Amino acid sequence: MDVLIVDDSAAIRKILQRVLRQAEVPIDEVFEAGDGVEALATLKAKSTVGLILSDINMPNMDGIQFLTQVRAIPEWASVPIVMITTEGSQNKVMEAVQLGASGYVRKPFTADQIKEKLTGLM
Amino acid sequence: MNVMIPDHDHLVKIVRGATNGVFSTMLAIDLEQGDAYINTASPPAGDGILSFVGLAGSWVGTGSVSCTADCACKIASQFLMTEYTSVNEDVLDAIAEITNMVIGNVKTLLEEDLGPMGLSIPTVIFGRNFASRTVRTFEWTVVPFLFDGERIIIQICLAPQKSAIKPKPHVNVHEPAVN
């Protein structure tokens, strides 16, 4: 399975890659995108993506807009999307869940929190 | 909505909680706490790294993280588990993300009292002998920490949007400690 990490911070993308390796999740390849626009382009080019980890606050296209667009396309409608974000307000959590987010992890996060969230989805 | 105006002590408590949470969870670092104070004067020109994000809503303001270049390298090294001895893109990105997490968590806690707020994308400045100014006159709540002998300064200023409620003057003013 391939994973797509969407975050405008290269630091967070690097940390999430490390956490995924530590989590012993069966991953073939990890793709990265800095915003929703790049992420949609990556999804169109890489149809093997089976899991998406996405930030919310990003330039160009934020995580909520990205989630909305992904869920509107039938072939990606069932791909698990976990929002990993600083946005902790209940309104944002509810909005993401209503739009089809599979999970929500708040920054700062521990490796165990990510592993636990992914275990429930794999 | 019954809006509670954040005073200095409340803000300090929130900033300390958010900062300690980010550093202990993401970097496995227990920061030493410095004495917080209110600063109404423009900060003098300085060296190092200044990273800030804007807050918007019925209250507006800015939150920032600043430290020396050496300190930023130590933080980034711990954050990314890679040794950095000079400031580069990775170090700037790490400090920007830490700012985003610290001020983002402050924002989440403030929203309980102030209602929904937005958070801007972080901006990082690195250089020597630079000065920063806020256009409007604000009081900054300054919350210092110590990490490996270096100071990390978290600052936040907040003011109601026009047409929103007016703030009460702060009463608990703390003098800065000499660290």
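Residues numbered from 1 in each chain as written. Chains lettered and ligands numbered in written order. Predicted model: local features only at pLDDT ≥ 70, side-chain atom pairs only at ≥ 80, totals over all residues. Heavy atoms only, no water.

Q: What's the story with the overall build of chain A in this structure? I'm lost.
A: Across its full length, chain A carries 5 helices and 5 strands. Going from the N terminus to the C terminus, chain A shows its helices and strands as β-α-β-α-β-α-β-α-β-α. Here chain A has a C-alpha radius of gyration of 13 Å; the compact-globule value for 122 residues is 14 Å, and the two agree. Dimensions along the principal axes, computed over C-alpha positions, put chain A at roughly 35 × 30 × 25 Å. (Helix = DSSP H or I, 4+ residues; strand = E, 2+ residues; numbered from the N terminus. Rg over C-alpha atoms; globule rule 2.2 N^0.38 Å.)

Q: What is the right way to read the sheet that holds strand β1 (residues 2-6) of chain A from this model?
A: Strand pairing in a sheet takes place through backbone hydrogen bonds and is either antiparallel or parallel in direction. Residues and elements named next belong to chain A. The strand order β2-β1-β3-β4-β5 describes an open sheet built from 5 strands, whose pairing is parallel. Two strands in the sheet have a free side with no partner beyond their single neighbour: β2 (29-33) and β5 (103-106). Averaged over all pairs of adjacent strands, the angle between their axes in this sheet comes to 20°, without regard to strand direction. One ladder, built from 4 bridges, connects strand β4 (residues 81-85) with β5; its direction is parallel. The partner of Ile 84 across the bridge, within β5, is Val 105. With respect to the sheet, helix α3 (residues 63-71) is in contact with β1, β3 (49-54) and β4, its orientation differing from that of β4 by roughly 175°. (Pairing = 2+ DSSP bridges. Axes fitted to C-alpha atoms, helices over the stretch in contact; angles between N-to-C directions. Contact = heavy atoms within 4.5 Å.)

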